[in-house]
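Structural description and commentary
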Amino acid sequence: MKDHMIAIARNLYDCIGKLDVDGACSLLADDVEAVYPFALGKAREDGREAVRTRLNAVVPKLFKSISFTFAKFYFCPEDNALIAQLSSTGVRAKGTLPYENEYVAILVFDGDQI
């Protein structure tokens, strides 16, 4: 179970890295809850289509490319969840400054979907 969850998590962030919003959203449950605690504007999206709308509005406009590197995974079997510690490096769509960030993602699974 843990390895399967890790594979799905990697696939999710690989899709985002390829700017493939539809591919990323195909891994999300219809009732997914996405929380962006440090984002400007709305900090939460409920449902796959709301997440798709947000990602389509943000990811291609901010990045020419972005890649994610996972540092650690923490398996929470009692909650059917995986906590991922990861970082990103990217090329911004505008300007020349690189984009670098660090994240902690709490991914709760419903079968093969997050």
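Data block above holds the structure.
Residues numbered from 1 in each chain as written. Predicted model: local features only at pLDDT ≥ 70, side-chain atom pairs only at ≥ 80, totals over all residues. Heavy atoms only, no water.

Re the overall build of the chain
Within the chain one finds 3 helices and 5 strands. Mapped from its N terminus to its C terminus, the chain presents α and β elements in the order α-α-β-β-α-β-β-β. By the compact-globule yardstick of 13 Å for 114 residues, the chain fits well, its C-alpha radius of gyration being 14 Å. Dimensions of the chain, computed from the C-alpha atoms along their principal axes, are close to 45 × 30 × 25 Å. Buried positions account for 38% of the 114 residues belonging to the chain. Contacts in the chain between residues far apart in sequence, at least 24 positions, make up 46% of those at least 6 positions apart. Carbon and sulfur atoms make up 55% of the accessible area of the chain, which totals about 7,100 Å². (Helix = DSSP H or I, 4+ residues; strand = E, 2+ residues; numbered from the N terminus. Rg over C-alpha atoms; globule rule 2.2 N^0.38 Å. Buried < 20%, exposed > 50% of the residue type's maximum accessible area, 1.4 Å probe, protein only. Contact = heavy atoms within 4.5 Å. Areas by Shrake-Rupley, 256 points an atom, 1.4 Å probe, with all protein chains shown as cover.)

Here we look at the packing of aromatic side chains
If you walk through the whole model with that rule in mind, you get 5 aromatic pairs. Where Tyr 13 meets Phe 68, the ring centres are 5.0 Å apart and the plane angle is 65 degrees; that geometry is what we call edge-to-face. On the criterion of sequence distance, the pair formed by Tyr 13 in helix H1 (residues 2-17) and Phe 68 in strand S3 (residues 63-76) is long-range, its members being 55 residues apart. The pair formed by Tyr 13 and Phe 68 is uniform in burial state, with each residue classed as buried. Seen in terms of ring centroids, Phe 68 and Tyr 103 are 5.9 Å apart; in terms of plane orientation they differ by 55 degrees. Their pairing is tilted. Taken as a pair, Phe 68 in strand S3 and Tyr 103 in strand S5 (residues 98-108) lie far apart in primary sequence, 35 residues in all. Pairwise contacts between aromatic rings join Tyr 13, Phe 68, Phe 70, Phe 73 and Tyr 103 into one cluster. (Phe/Tyr/Trp six-rings, centres within 6.5 Å; stacked < 30°, edge-to-face > 60°.)

Read these as spatial facts, not as claims about activity.
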